[in-house]
Amino acid sequence: AAWVARPGAGDVWSWAGQHAPAFCERIAHGQAVLAARLAEAEPGGWRDEGTSYQGSALDGDLTGWAATFAGRFGPHHIWSASRLEQYRACPYWFFTSSVLRLEPLQRPSEGLDARQLGNIYHHILEQLYRAVGREGNSEALLAALPEIAAAVLDAAPREEQFRETAYWQRTREQILGHVEQSVRALAALGGGYRFSEAERTFGIAGQPGSALVVHDGDDSFSVHGYIDRVDRDDAGHVRIVDYKTAGPSTFTNAAVRDGKKLQLPLYALAAQEALGLGQVTEGFYWHVQHAEPSGFTLSGFSAGDRHGPQAAMEHVVALAWEAVHGARAGAFVPRVPAGGCPSYCPAAAYCWHYRGPSW
């Protein structure tokens, strides 16, 4: 193809156009794409931010198809908090995974990945607190833990679809130890909250609980999800807890203010409005492997002169609207997130803006 398209090959190109028109059309289209991208890389093709680019249809600017995306992501579309976070991190990441439905290249590996490990922790904690009940203390929870954990861990290779390695027995012991530490630490938090419910769903097909519908005049967007844990105090006030296997370093008040973490305030709003559980007065991410809450808490949130849970919910709703409006407009120009692009982005293998994570 390169030889046929080389300068001075007019006769050959003319002959190829007559005998293989579809092939030549693909080559010409590829040349046009490369020419457009090279033109964007020239001075004046960059925005001042340095990591964002002037858009084109070849580089995520699909605003010319805004009507299509407005229909695709209109009020009937039900979002997840992770998709909203994904759009805010990089619109093109959202486009490749949620619109094109591409999947990242996975290198073969043994043992658990992060998703599978997270599922195991969630299943153990859910079943443990449900089995012991609302009145169970830490001693009762710890007494029930070995049997419940063993059942989940025995089924894990089949349920989560991974092959056991020689290290699996040690991994089981680590998981059990982490859950035990979390049970003790959660009981020691104080504040008067006690476990009430596990895995409350909202907007999930086939499950109880309506989706959260956020209105702005005649417009709206909807969110679905799973609330890992609901706690209550004697006055009926609600605390929302979301289990995470990742460490607490990125789950900060600043991350919520900047729109990097939207999930917990949206879930708190869903608990209040979609599920009618009562007033949410507290909430945090719980980092199971560290047995500690996130630096971000609903009660400790502040943005300008606004403070507390309601301020967090309203702030995050405004940020979520920005993502919804952007997706409906077809605005998917790549944006390198602070700290670099995630290696698991489906576009990592070909996106010319890709910058690996910085450590």
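Structure: above.
Described below are features of the structure shown in this document.

What counts, and where the lines are drawn
One numbering rule holds for all chains: residues counted from 1, following each sequence as written. Only residues with pLDDT of at least 70 get local features here, since the model is predicted, and only at 80 or more are side-chain atom pairs given and counted; chain-wide, interface and lining totals rely on the full set of residues. The basis for every side-chain value is the complete set of non-hydrogen atoms in the structure, without hydrogens or water. Numbering of helices and strands starts at the N terminus; helices are DSSP runs of H or I of at least 4 residues and strands are runs of E of at least 2. For the exposure calls, accessible area comes from a 1.4 Å probe over protein chains only, and a residue counts as buried if that area is under 20% of its type's maximum, exposed if over 50%, partly exposed in between. Contact definition: two residues touch when any of their heavy atoms are within 4.5 Å. Any two of the Phe, Tyr and Trp rings considered here, Trp counted by its six-membered ring, make a pair once their centres fall within 6.5 Å; the pair's planes then place it as stacked at under 30 degrees, edge-to-face at over 60, or tilted in between. Look at NZ for Lys and CZ for Arg. If either is within 6 Å of the ring centre and within 35 degrees of the ring normal, a charge sits over the ring. Buriedness for pockets is judged along seven lines, at least five of which must meet protein on both sides within 12 Å for an open set on the 1 Å grid over protein atoms alone, while cavities are sets there where a 1.4 Å probe fits but cannot get out, and lining residues have an atom within 4 Å of a point. Grid points are joined across faces, edges and corners, and a volume is the space filled by probe spheres set on the points. For this scheme, ten residues count as nonpolar: Ala, Val, Leu, Ile, Met, Phe, Trp, Tyr, Cys and Pro. Four count as charged, namely Asp, Glu, Lys and Arg, and the remainder, Gly too, count as polar.

Here the focus is the overall build of the chain. Assigned secondary structure in the chain consists of eleven helices and nine strands. In the chain, which comprises 359 residues, the proportion classed as buried is 45%. Put simply, 68% of the contacts in the chain that link residues at least 6 apart link residues at least 24 apart.

Right, let's talk about the packing of aromatic side chains for a bit. Each aromatic ring pair is characterised by the separation of its centres together with the angle its planes make. For the structure on display, the rule yields 18 aromatic pairs. Ring geometry for Phe-162 versus Trp-168: centroids 5.2 Å apart, planes at 65°, classification edge-to-face. We note that Phe-162, like Trp-168, is buried. Counting every residue linked through ring pairs, the aromatic cluster contains Phe-69, Phe-73, Trp-79, Tyr-87, Tyr-92, Phe-94, Phe-95 and Phe-332. For the cation-ring pair, Arg-229 lies above Tyr-129, with the distance from its terminal atom to the ring centre recorded as 4.3 Å. The ring centre of Phe-251 lies 4.2 Å from the NZ or CZ of Lys-261, which sits over that ring.

The topology assignment puts Tyr-87 in helix H4 (residues 81-89). Taking C-alpha positions, Tyr-87 is 7.8 Å from Ala-327, a pair spaced 240 residues apart along the chain. When residues no more than four places from it in sequence are discounted, the contact partners of Tyr-87 are Phe-94, Glu-322, Ala-323, Gly-326, Ala-327, Ala-331, Phe-332 and Arg-335.

To continue, consider empty space enclosed by the protein. Scanning the model with the defined rule gives two cavities of 30 Å³ or more in all. Roughly 100 Å³ of volume is contained in the largest cavity. Along the wall of the largest cavity there are 14 residues; nearest its centre are Cys-90, Cys-341, Cys-345, Cys-351 and Tyr-354. Split by residue class, the lining of the largest cavity holds twelve nonpolar, one polar and one charged.

So yeah, pure geometry; function would need other evidence.
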